[in-house]
Amino acid sequence: MKEENRKYAEEAYSIVRHAAEKIGSRLPGSDGERKFADYMGDKLKEIGITPTREEFAVSPRASIGGIPYAGWFGVAMSALVYFALGISSIWFGMALAGICCLLWLVLSVFLYKPWFDMFFKQEISQNTYGELVPEDGKYDYTIILSGHTDTSWNWRHSEHAYKYRDKPILGILATYGKVGFGAICVLFLIGASIAIATVIGGCYMNANWALETYYSASFQNFLFAMHFLPIVTAIGSAFVVMWGDPNDRNASRGAMDNATGCALSYAVIKYFKENPDKMPKNCRIIDFNCGSEEAGLRGSMAFAEEHKNDEMLKNAWNINIDSVADEEYFEVVIKDDWQFTRFDKDMEQMFKDTFNELGIVSKTNGCIHNPVGGCDSTPMTKAGVKSVTFAAQNPVLTHYYHTWRDTHERFSMETVGDGFDVVLGVIEKIAAFQEKNGYNGPQK
C-alpha cells in the first residue's frame, strides 16, 4: 500500500468494520441492506455529494436464495414415490412438477432470469449512487465504481467446513460432497419421474415401445429399486434443504463480500473529491452502491434498465469491486460462465498491468472466470458498458464465503489499501486510453 494513500485505506476499512459489526447481515431487501445503503448515502453527503436512491422490487428467494426449496421438493418427491408405486397416475403429477422445478432451477437459480420472481414473496431493495463531475461541469465519459450492499444467506455446509480450515481438501469435500450428492438426488427424482410417466403414458396409449419397456426385466427391476432409493434421495435432498440457513441473524456479515467493494468505491471518489487536480480529464465518476446482488444481480439489472435510454451509461466504464480481502488472490474476473458473458478485454489488460506495476503476485495469476453464479459486471456489459470485476478472493469455496464468518478480523487494512492502489492505477489507465482512443465499447 502506498503510504500517501493510507488515510483512504483506513477510511475504507472503517466502513468495512461498521458494516460487519454495527449493521451485520444485509440480506437482499432487508432492513440491514437498507441501513447500509443509507449509511453509504450519508458518507457521500459528508463529502458534499448528493446521493440518489432508486428503489426496485426484488424476490429474494426466487434465485440462489431459494435453493433450499429444491431440497424440500426432493424430500416431498421421495415420499410421493411410495404412493406413485401403488397409484401410477401420480407419476404424471410428479413429472409435471419436476419439469417446473427444473425450469426454475435452470432459468432463475443458474441463469438469473427474473421470469419466476412473481411467484415468490417480494421486498423493496434500493440502489444508491452519487456523482462527482469536473469543476466546470463538462465531461465526455463516465467511470462507475460499484459494489453491492447486500450479503448472502449463511451457507451451512461451508460454515461447517470451518473445522477443516487447515485441511482444505477435507473442507472442499465436506462442502461440495454434500451439496453435490443432494443435487444428484433431486435431479434423479425429476428424471426418474419423467421417464416413468412417459413409459406409463405410452402404455395407456398401447404403444408397443412403451409396453415392451414396461414389462422388460430392467424396467421392473428399476421399479423394485424405487422401493429403496427414496430413502437415499430423501437424505440427499435434506442436504440441499440445509444449504441456506433461513435465519437472517445467521446470514453473512459481509465484511469481504461485499463491504470492501462499497468501501473502496467510496474511498476512491472521496480521494478525487479532495484532490480535484488528480481527476481524470473530462471525466465524471459515480459511486454506485448496488442492492440485491445476492438475489440474482437484481440491483445492477434494475440500474441498467432504469438508465438504458439516458446519458448515465453513455461512454461508461465500470470497475465493479467485489470482495477484496485475500492478499494472495488479487484477480480480475473476466467472464461469468453461467451468464455467457465475457467482460471487457481492454480493462482486463489494465488490471493485469496494474498488478505487475504494483508488484502484486497472485496464486490465480491475476485472472479468473466466475465459474458459477454471476457478478454485477454482467448487466453492465449487456447494457453496453465496458466492465470487469475486480476481486481479491480465494476462488475455492471456503468456510468464510457466504457464511457468518465473513468478518473484518480475518483480513488486514493493508490488503484493502492495496485494492485502493489498484483501482487508482486502473483509473489512470482508463484516462490515458480514453484520451488516446476514445470510447470503443466492450471488447470481448
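Helix and strand counts for the chain come out as 14 helices and 9 strands. Here the C-alpha atoms of the chain give a radius of gyration of 24 Å, agreeing with the 22 Å that 2.2 N^0.38 yields for 444 residues. Seen through its C-alpha atoms, the chain measures out along the principal axes to roughly 80 × 45 × 40 Å. The 444 residues of the chain split such that 57% are buried. The contacts in the chain between residues at least 6 apart in sequence include a share of 86% that link residues at least 24 apart. About 19000 Å² of surface is accessible on the chain, with carbon and sulfur atoms providing 56% of the total. Considering the chain, the positive charge centre built from 42 side chains and the negative charge centre built from 54 side chains are found 2 Å apart.

Each disulfide is one covalent bond, formed between the sulfur atoms of two cysteines. In the structure shown here, the tally under the stated rule is 0 disulfides. Summary of cysteine pairing: C283 is not part of a disulfide, and the nearest cysteine sulfur, belonging to C262, is at 20 Å. By relative accessible area, C283 is classed as buried at 0%. Considering cysteine sulfurs only, C262 is the nearest to C290, which forms no disulfide, with 8.5 Å between them. The exposure class of C290 is buried, given its relative accessible area of 1%.

Right, let's talk about the packing of aromatic side chains for a bit. Counted according to the given criterion, the structure contains 28 aromatic pairs. Taken together, a centroid distance of 5.8 Å and an interplanar angle of 80° make the contact between Y271 and F420 edge-to-face. You can see Y271 sitting in helix α10 (residues 255-274) and its partner F420 sitting in helix α14 (residues 413-437), a full 149 residues away along the chain. By relative accessible area, Y271 is classed as buried at 9%. Using a relative accessible area of 1% as the deciding quantity, one classes F420 as buried. Ring geometry for F355 against F390: centres 6.2 Å apart, planes inclined by 45°, an arrangement best described as tilted. With F355 in helix α12 (residues 345-357) and F390 in strand β9 (residues 386-392), this pair connects stretches of sequence that are 35 residues apart. Among the residues examined, F355 registers a relative accessible area of 4% and is labelled buried. With a relative accessible area of 0%, F390 lands in the buried category. Three or more aromatic residues joined by ring pairs form one cluster here, namely F188, Y214, Y215, F219 and F222. R26 extends its terminal NZ or CZ atom over the ring of F36, reaching a point 4.8 Å from the ring centre.

Attention shifts here to a nonpolar patch on the surface. A cluster of nonpolar side chains, namely L80, Y82, F83, F181, I231, V232 and I235, defines an oily patch on the protein surface of about 640 Å² accessible area. At the level of secondary structure, the elements contributing two or more residues to the nonpolar patch comprise α3 (67-84) and α9 (229-242). Tracing the sequence through the fold places F83 in helix α3. Given a relative accessible area of 52%, F83 falls into the exposed group.

What follows is about the environment of L424. Tracing the sequence through the fold places L424 in helix α14. On the basis of relative accessible area, L424 is assigned to the buried category, the value being 9%. Contacts of L424, omitting those with residues within four sequence positions, involve N5, V268, Y271 and F272.

Of all 7 residues that make up β9, 7 are buried, and the element is covered over most of its length. Alternating residues of β9 divide into K386, V388, F390 and A392 and S387, T389 and A391, and every residue in both groups is buried. When strand β5 (residues 316-324) meets β9, the two strands line up parallel, connected through 6 bridges. Paired with N320 across the two strands is T389, which belongs to β9.

With that settled, the discussion passes to the packing of helix α4 (residues 90-110) against helix α6 (residues 168-204). One way to put it is that α4 packs onto α6 with a least axis distance of 8 Å and a crossing angle of 135°. Compared by their axis directions, α4 and α6 come out oblique. Of the two possible hands of crossing, α4 and α6 adopt the one that is left-handed. Every residue of α6 that contacts α4 at W91, F92, M94, A95, G98, I99, C101 and L102 is listed here: L187, I190, S193, I194, I196, A197, I200, G201 and Y204. When its residues are assigned to classes, the contact of α4 with α6 shows 14 nonpolar, 3 polar and no charged.

So, about the pattern of salt bridges. Applying the stated criterion to the full structure yields 24 salt bridges. Between R284 and E311 there is a salt bridge, and its shortest N-O distance comes to 3.3 Å. Of the two residues, R284 is situated in strand β4 (residues 283-290) and E311 in the loop between α11 (298-306) and β5; the sequence distance between them amounts to 27 residues. K352 is paired through a salt bridge with E348; the nearest N and O atoms lie 2.7 Å apart. Of the two residues, K352 and E348 both sit in helix α12, 4 residues apart, roughly one turn of that helix. Residue K352 is classed as partly exposed on the basis of its relative accessible area of 23%. Overall, the relative accessible area of 8% leaves E348 in the buried class.

Below, the discussion takes up the nonpolar core. The biggest cluster of nonpolar side chains holds 67 residues, and the ones touching the most others in it are F36, I143, F272, I319, F351, F390 and I430. Broken down by element, the residue count for this core peaks at 12 residues, all from α10. Non-local contacts of I430, meaning those with residues more than four positions away in its chain, are made with Y141, I143, W317, I319, M347 and M350. If you look at the next biggest cluster of nonpolar residues, it comprises 37 residues, including A70, F73, V199 and M226.

At a closest axis distance of 9 Å, the pairing of α12 and α14 adopts a crossing angle of 130°. In this view, α12 runs oblique relative to α14, as classed from their interaxial angle. Handedness of the crossing formed by α12 with α14: right-handed. Residues D346, M347, M350, F351, D353, T354, F355 and E357 of α12 touch α14, and the partners they reach there are V422, G425, V426, K429, I430 and F433.

Basis of the calculations
Residues numbered from 1 in each chain as written. Predicted model: local features only at pLDDT ≥ 70, side-chain atom pairs only at ≥ 80, totals over all residues. Heavy atoms only, no water. Helix = DSSP H or I, 4+ residues; strand = E, 2+ residues; numbered from the N terminus. Rg over C-alpha atoms; globule rule 2.2 N^0.38 Å. Buried < 20%, exposed > 50% of the residue type's maximum accessible area, 1.4 Å probe, protein only. Contact = heavy atoms within 4.5 Å. Areas by Shrake-Rupley, 256 points an atom, 1.4 Å probe, with all protein chains shown as cover. Lys, Arg positive; Asp, Glu negative; His and termini not counted. Charge placed at Lys NZ, Arg CZ, Asp CG, Glu CD. Disulfide = S-S within 2.5 Å. Phe/Tyr/Trp six-rings, centres within 6.5 Å; stacked < 30°, edge-to-face > 60°. Lys NZ or Arg CZ within 6 Å of the ring centre and 35° of its normal. Patch = residues over 30% accessible without salt bridge, like charges linked within 9 Å, V, L, I, M, F, W, Y side chains within 5 Å. Salt bridge = Lys/Arg side-chain N within 4 Å of Asp/Glu carboxyl O. Pairing = 2+ DSSP bridges. Axes fitted to C-alpha atoms, helices over the stretch in contact; angles between N-to-C directions. Parallel < 35°, antiparallel > 145°, perpendicular 65-115°, else oblique. Left-handed = near helix turned anticlockwise from the far one by under 90°. Nonpolar A, V, L, I, M, F, W, Y, C, P; charged D, E, K, R; others polar. Core = buried A, V, L, I, M, F, W, Y, C linked by side-chain atoms within 4.5 Å.

Worth remembering: the numbers are spatial, not functional.
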